[in-house]
Amino acid sequence: LPDAAAGRVVRGIGVGGRALRRVMRHRPGTRPVPAADGVLVASTLLPTELPLLAAAALVVETGGPLDHVAAQARERGLPAVVGAAGALAAFADGEWVLVDGDRGVVVAAR
């Protein structure tokens, strides 16, 4: 895991696994764009949106270890961090981030 001084860090509840990919931010009220090779960062995701996604990892600002995003991530084997308050403000579209679902952190890579 990169040192916190190397980039911005957002903490939450990890679901497991790791991914180093580019950010694709989800804007509320819009249909999520599948990002098979990216990290989808969202304020929240509805249960009806999750089957439409093909992301490499998920980061959501809301939720907990038993919510629908965490459950779907576990079922699909996706690295995820839920309850990651401030993630949308911290990371920009196209920016590289490390999602560490084992430790519950998302770190901006340089």
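Keep in mind that this is a model prediction, so the values were computed, not measured.

Draft legend 1. Representation of the overall build of the chain within the structure. Across its full length, the chain carries two helices and eight strands. Its helices and strands in sequence order give the chain the pattern β-β-β-β-β-α-β-α-β-β, from N to C terminus. The buried share of the chain, reckoned over its 110 residues, is 45%. Once local pairs closer than 6 in sequence are excluded, the contacts in the chain between residues at least 24 apart make up 51%. Accessible surface for the chain amounts to roughly 5,400 Å². Of this, 57% is attributable to carbon and sulfur atoms.

Draft legend 2. Highlighting the nonpolar core. Residues Val59, Phe91 and Val99 are the most contacted members of the largest nonpolar core, which totals 17 residues. Elements supplying a minimum of two residues to this core: strand E3 (18-25), strand E4 (38-42), strand E5 (57-60), helix H2 (87-90), strand E7 (96-100) and strand E8 (105-108). At three residues, the largest contribution of residues to this core is made by H2.

Parameters and conventions
- Residues numbered from 1 in each chain as written.
- Predicted model: local features only at pLDDT ≥ 70, side-chain atom pairs only at ≥ 80, totals over all residues.
- Heavy atoms only, no water.
- Helix = DSSP H or I, 4+ residues; strand = E, 2+ residues; numbered from the N terminus.
- Buried < 20%, exposed > 50% of the residue type's maximum accessible area, 1.4 Å probe, protein only.
- Contact = heavy atoms within 4.5 Å.
- Areas by Shrake-Rupley, 256 points an atom, 1.4 Å probe, with all protein chains shown as cover.
- Core = buried A, V, L, I, M, F, W, Y, C linked by side-chain atoms within 4.5 Å.

Interpretation in functional terms is not warranted from these geometric data alone.
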